[in-house]
Amino acid sequence: MNFATLADFFAMGGHAPYVWSAYGISLLVLLLNVAVPLLARRRYVADERRRIRREEAAQ
Amino acid sequence: MLKVCILLLSREMRVLFRRPMELANPLVFFALVISLFPLAVGPESKLLATIAPGVVWVAALLAVLLSLDGLFRSDYEDGSLEQWVLAPQPLSVLVLTKVLAHWLCSGLALVLLSPLLGLMLGLPERTLGVLLLSLLLGTPILSLLGAIGAALTVGLKRGGLLLALLILPLYIPVLILGSGALQASLQGLPAAGYLWWLASLMVLAVSLSPLAIAAGLKISVAE
Amino acid sequence: MNWTWFHKWGSPKWFYEMSGAWLKGFAIAACVLLAAGLVWALAIAPEDYQQGNSFRIIYIHVPAAFLAQSCYLMLAIAGIIGLVWKMKLADVALQCAAPIGASMTFIALLTGAVWGKPTWGAWWVWDARLTSMLILLFLYFGVIALSQAISNRDSAAKACAVLSIVGVINLPIIKYSVEWWNTLHQPATFKITEKPAMPMEMWLPLLIMVLGFYCFFATVLLMRMRLEVLKRESRTRWVRNEVEASR
């Protein structure tokens, strides 16, 4: 362990705003990359199901 | 082969000269952009001379880009592009001729106009040779690279801004080398290294980009 | 030579069935590697004797930059495969990878800027690497814009393939010219190029983070590609079964 206490860890030796903002925003972008295809897939499946139901009703 | 190219070249020149105002547009744009800079940064000749290399090159870049937007449009609309694709001659040679014709009418005129504007920006006379030479070597690269973008976007209704987005990043080496040559000669340093680099880039562009232009045109025509 | 392994890639159904398992594997690997790498990078690795703790930004900056560059190379390779062998899956891969690559480039640029503030005293420095990263971001935007602008799916894929191949040929020229420009225009005070060799305990977490980022990229790419394959094949029997089976 490089840090003695948890407070030290969050302070990052005075560089806290830089380190945590860089990590935070990067993590956000990574999460966004995961969320976008997941949501798109959910929407696609819902749309497709509706279409199938509609076509079955029409027949 | 050569005969076809010469015929095509003369046809293209005739078509271009039929609308002289359209030929003059990029030149007027070039002069206009350059004259905006003194108005924006102030009339001190010392400051102007230091930023002149960058200003001249950025203006030349934009002027070439602007003139390329319609490079293949009329051929696309009247169907002659399809004939080109079907022609027995390789498409890459035909497009190279077409770009050459376009460069002779716009790029070359821009090169010839540049010393005048250079003098207005306060460039010393000894640098004008390098200015001419760097633009002479650089503008064909700009035309060829821009033609790739024009070929890819010819089928689109509003391709102008997209063309700039696609092509401007690719122009960066030419911009760096061209303005670098001018800056070097402004500081009294030898500019030959930059010019050799520009020349080798031009050889690369002449040999490779016609293939990409041809591929782009085939895609656009097939659509 | 037996080419059946290659022809299999031409079948969307085969890809969809196989990629489910790959996706799981990559996702688990990415989670484990990124979690381990983050803890190691943030808490365990020693601080730099000059830059202190701000140096820890390297553990996301460098993997993102690596990935951004190799992703562009991947675009061009997928483009060549798509143009030469007319493989639809390569087209799908190209168009799905471009936004991910752009976001990685964005991460690399942003962390570079944040890192620059404590190290160089400015948010943005026209350092050769940062500048070529910025140009890479514009190249990605070009590919994305072109794929959005062309409505015909096949033409869009082919046009993007041509553009990314042209871009890959230009990329080394751009990189070298930017480096040259940088050394000429400003004193080389901000060199992070000649870094002293890293000690093992700094270097190992970096390796883990790089691997984690690559696995993450594979995961997200497969997610996007699977969805795109479903959309393209939406009229077939197997997609219908797939849709009805999922939530």
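Residues numbered from 1 in each chain as written. Chains lettered and ligands numbered in written order. Predicted model: local features only at pLDDT ≥ 70, side-chain atom pairs only at ≥ 80, totals over all residues. Heavy atoms only, no water.

Asker: Explanation requested: the nonpolar core in the structure shown.
Answerer: Here is a general trend for soluble globular proteins: nonpolar side chains tend to be buried in one another's company. Residues B:F30, B:F72, B:Y171, B:I213, C:Y59, C:L146 and C:F213 are the most contacted members of the largest nonpolar core, which totals 165 residues. The element contributing the most residues to this core is helix α4 (residues 88–120) of chain C, with 17 residues. The residues touching C:Y59, leaving out its near neighbours within four places in the chain, are A:Y23, C:A41, C:A45, C:M202, C:P205, C:L206 and C:M209. In terms of nonpolar packing, the next biggest core, distinct from the first, is built from six residues, C:A128, C:I135, C:I174 and C:V178 among them. (Core = buried A, V, L, I, M, F, W, Y, C linked by side-chain atoms within 4.5 Å. Buried < 20%, exposed > 50% of the residue type's maximum accessible area, 1.4 Å probe, protein only. Helix = DSSP H or I, 4+ residues; strand = E, 2+ residues; numbered from the N terminus. Contact = heavy atoms within 4.5 Å.)

Asker: Explain the packing of aromatic side chains to me, please; I cannot follow it from the model alone.
Answerer: The description of two aromatic rings rests on the distance between their centres and on the angle between their planes. A complete count under the given rule lists nine aromatic pairs over all chains for this structure. Ring geometry for C:W14 versus C:W22: centroids 6.2 Å apart, planes at 75°, classification edge-to-face. The exposure class of C:W22 is partly exposed, given its relative accessible area of 29%. By way of ring pairs, the aromatic residues B:Y194, B:W197 and C:W180 are connected into one cluster. The aromatic ring of C:Y16 is capped on one face by C:R226, whose charged end is 4.2 Å from the ring centroid. (Phe/Tyr/Trp six-rings, centres within 6.5 Å; stacked < 30°, edge-to-face > 60°. Lys NZ or Arg CZ within 6 Å of the ring centre and 35° of its normal.)

Asker: I keep staring at the interface of chain C and chain A and nothing clicks. Help me out?
Answerer: How big an interface is tends to be stated in terms of accessible area lost as the parts join. Counting from both sides, the interface comprises 45 residues of chain C and, opposite them, 34 residues of chain A. Where chain C meets chain A, there are three salt bridges. Taken together, chain C and chain A are joined by six residue pairs in polar contact (both at pLDDT 80 or more). The set of elements that each furnish at least two residues to the side of chain C that touches chain A consists of α2 (12–44), α3 (58–85), α4, α7 (200–232) and α8 (237–245) of chain C. Take the side of chain C that touches chain A: its biggest share by element is 10 residues, from α4(C). (Salt bridge = Lys/Arg side-chain N within 4 Å of Asp/Glu carboxyl O. Polar contact = N/O pair within 3.5 Å; in protein donor to acceptor, adjacent residues only side chain to side chain.)

Asker: Quick question: what am I supposed to make of the pattern of salt bridges here?
Answerer: Where charged atoms from two side chains of opposite charge approach closely, those side chains can pair. Residues and elements named next belong to chain A. Applying the stated criterion across every chain yields a total of 14 salt bridges over all chains. The salt bridge partner of E55 is R51, with a shortest N-O separation of 2.9 Å. With E55 and R51 both in helix α2 (residues 16–58) and four residues apart, this pair spans about one turn of that helix. In this structure E55 comes out as partly exposed when scored by relative accessible area, which is 33%.

Asker: So what exactly am I meant to see when it comes to the state of the cysteines here?
Answerer: What we call a disulfide is simply a covalent bond connecting the sulfur atoms of a pair of cysteines. Residue and element names in this part refer to chain C. Under the defined criterion, the tally for this structure stands at zero disulfides over all chains. Between C71, a cysteine without a disulfide, and C96, which holds the nearest cysteine sulfur, the sulfur-to-sulfur distance is 11 Å. Of all cysteine sulfurs, the one in C31 lies closest to C215, which takes part in no disulfide; the gap is 10 Å. (Disulfide = S-S within 2.5 Å.)

Asker: How do you make sense of a positive patch on the surface when you look at a structure like this?
Answerer: Together, C:K86, C:K88, C:R153 and C:K158 make up a positively charged patch on the protein surface. Looking at the secondary structure, you find C:R153 in helix α6 (residues 153–185). (Patch = residues over 30% accessible without salt bridge, like charges linked within 9 Å, V, L, I, M, F, W, Y side chains within 5 Å. Areas by Shrake-Rupley, 256 points an atom, 1.4 Å probe, with all protein chains shown as cover. Lys, Arg positive; Asp, Glu negative; His and termini not counted. Charge placed at Lys NZ, Arg CZ, Asp CG, Glu CD.)

Asker: How do you make sense of the side chain of C:R224 when you look at a structure like this?
Answerer: Mapped onto the elements, C:R224 comes out in helix α7. C:E228 provides the closest opposite charge to the buried, unpaired C:R224, separated from it by 8.0 Å. Each residue touching C:R224, except ones within four places of it in the same chain, is listed here: A:N33, A:V36, A:P37, C:C96, C:P99 and C:I100.

Asker: Can you walk me through the environment of C:R56 in this structure?
Answerer: As for its position among the elements, C:R56 is in the loop between α2 and α3. By relative accessible area, C:R56 is classed as buried at 0%. Considered as a pair, C:R56 and C:W126 are 70 residues apart in the sequence and their alpha carbons are 22 Å apart. Beyond its immediate stretch of four places on either side in the chain, C:R56 contacts A:N2, A:F3, A:M12, A:Y23, C:A41, C:L42, C:A43, C:A45, C:P46 and C:E47.

Asker: Explain a nonpolar patch on the surface to me, please; I cannot follow it from the model alone.
Answerer: A cluster of nonpolar residues, B:L204, B:L208, B:L211 and C:I169, forms a patch on the protein surface that exposes about 330 Å² of accessible area. When residues of the nonpolar patch are assigned to their parent elements, the largest contribution, three residues, is made by helix α9 (residues 192–222) of chain B. Tracing the chain through its elements places B:L208 in helix α9.

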